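Each chain, letter by letter, is given below.
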Amino acid sequence: MGHGTAHIGELLRRGDRSFSFEFFPPKDEEGEAILWRSISELEPLNPTFVSVTYGAGGNTRDRTIAITGRIASETSMLPMAHLTCVGHTTAELAVILGQLEDAGVRNVLALRGDPPGGPGTPWVSTDGGVEYAAELVSYIRESAPQLCVGVAAFPEGHRDAESLELDAKVMKAKHDAGAQFAITEMVLRASDYFGLVERSRALGVDFPIVPGIMPILNLNSMRRMVELSGREMPQETLDRILPLQDDPAAVRAEGIRIATELCDDLLAGGAPGLHFYTLNRSKATREIFEALKLAV
């Protein structure tokens, strides 16, 4: 039923605008119901692909595999599974890659993953595992050549990178290891995304780099997420949101407006598409689609 065997890297290179949605494995049955409702509500928008994240330390591994497998077999959408270095030996990675293949999943996002203690805590190596995303990319390309591998990118540099230049070199290492595309952490300013693309291209990274989008629907939760990535909310965004902070509905409406303007700027500037962090809800993404006049 699905077209689960297409390669995302090839789809992105074709030049059609890509639209994709990201979900996370739910913790309980109620979350499961919300997730599948959201997936079914977003399916009519015909996304190029959908991705399913992977919990810290791989604790949602089986759920990630089950959800991507179900998307591959029961929907028309193309699933991508996230895979991290954290807490896995290469022997375990080999098992996971086999399970993904059996589930009909042909696309993976190779990530270092957050340290076991959470973002910003010291990195802990896994004996018998791999250390960096670039090594994970190499490992996947060698042991599962049928998979298309994407990687993460950071509009303002990874929180652990000493400089934007070094961050770009890490991107180049992932590219040289065989990655076929990248998806960024949430973009807060269009100029950050264009800077990332420029730094990457200058080093010879020629694969598509898709910006990640997360609208501000609630100021406090957005601030927490931005802090986790070691960044700050742009002043120009706060200037628009803070005056509304006592009116949740107004914050949400302005957050959708800001995200829509950002999407417009990114597409106008040549971004190959947009990747929406849905937080397993569909309404905000559908509203941005409507506002962008992208919905079919």
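Above this text is the structure in question.
Residues numbered from 1 in each chain as written. Predicted model: local features only at pLDDT ≥ 70, side-chain atom pairs only at ≥ 80, totals over all residues. Heavy atoms only, no water.

A. Representation of the overall build of the chain in the model. The number of helices and strands found in the chain is eleven helices and eight strands. Among the 296 residues that make up the chain, the fraction classed as buried is 52%. In the chain, the proportion of contacts linking residues at least 24 apart, taken out of those at least 6 apart, comes to 78%. Summed over its atoms, the accessible surface of the chain is roughly 13,200 Å², and 51% of this surface lies on carbon and sulfur atoms. (Helix = DSSP H or I, 4+ residues; strand = E, 2+ residues; numbered from the N terminus. Buried < 20%, exposed > 50% of the residue type's maximum accessible area, 1.4 Å probe, protein only. Contact = heavy atoms within 4.5 Å. Areas by Shrake-Rupley, 256 points an atom, 1.4 Å probe, with all protein chains shown as cover.)

B. Just the side chain of threonine 184, in detail. Position of threonine 184 relative to the elements: it lies in strand E6 (residues 181-186). Exposure remark for threonine 184: the relative accessible area of 0% places this residue in the buried category. With residues up to four places along the chain from it excluded, the contact list for threonine 184 reads Ala153, Pro155, Tyr193, Leu196, Ile209, Val210, Pro211, Gly212 and Tyr277.

C. Quick look at the sheet that holds strand E5 (residues 148-153). Read once around its circumference, the closed barrel built from eight strands follows the order E1-E2-E3-E4-E5-E6-E7-E8, with strand pairing classed as parallel. Taken over all neighbouring pairs, the strand axes of this sheet differ in orientation by 30° on average, direction set aside. Relative to E5, helix H6 (residues 164-176) is tilted by about 180°, and along the sheet it contacts E5, E6 and strand E7 (209-213). (Pairing = 2+ DSSP bridges. Axes fitted to C-alpha atoms, helices over the stretch in contact; angles between N-to-C directions.)

D. Layout of the pattern of salt bridges. Under the defined criterion, the tally for this structure stands at 15 salt bridges. Across the pair arginine 231 and glutamate 185 runs a salt bridge, and its minimum N-O distance is 3.7 Å. Placement of the pair is arginine 231 in the loop between helix H8 (219-228) and helix H9 (235-241) and glutamate 185 in strand E6, with a sequence separation of 46 residues. Its relative accessible area of 7% is what places arginine 231 among the buried residues. Taken together, the salt bridges that share partners define one network made up of Glu156, Glu185, Arg189, Asp192, Arg231 and Glu236. (Salt bridge = Lys/Arg side-chain N within 4 Å of Asp/Glu carboxyl O.)

E. Fine view of the nonpolar core. Ranked by size, the top nonpolar core spans 61 residues in total, and within it Ile140, Leu274 and Phe276 carry the most contacts. Ranked by residue count, the leading element in this core is helix H10 (residues 248-268), at six residues. Not counting chain neighbours up to four residues away, the residues in contact with phenylalanine 276 comprise Phe19, Ser20, Phe21, Glu22, Ile213, Cys263, Thr285, Ile288 and Phe289. Counting residues in each nonpolar core, the second largest holds 27 residues, with Leu12, Ile216, Met222 and Met233 among its members. (Core = buried A, V, L, I, M, F, W, Y, C linked by side-chain atoms within 4.5 Å.)

F. Main features of the pairing of strand E1 (residues 18-23). Among the six residues in E1, six count as buried, and that is most of the element. Across the two faces of E1 the burial is the same, with Ser18, Ser20 and Glu22 and Phe19, Phe21 and Phe23 all buried. Two elements, E1 and strand E2 (residues 49-52), share four bridges in a ladder whose sense is parallel. Note that in E2 the partner of glutamate 22 across the bridge is serine 51.

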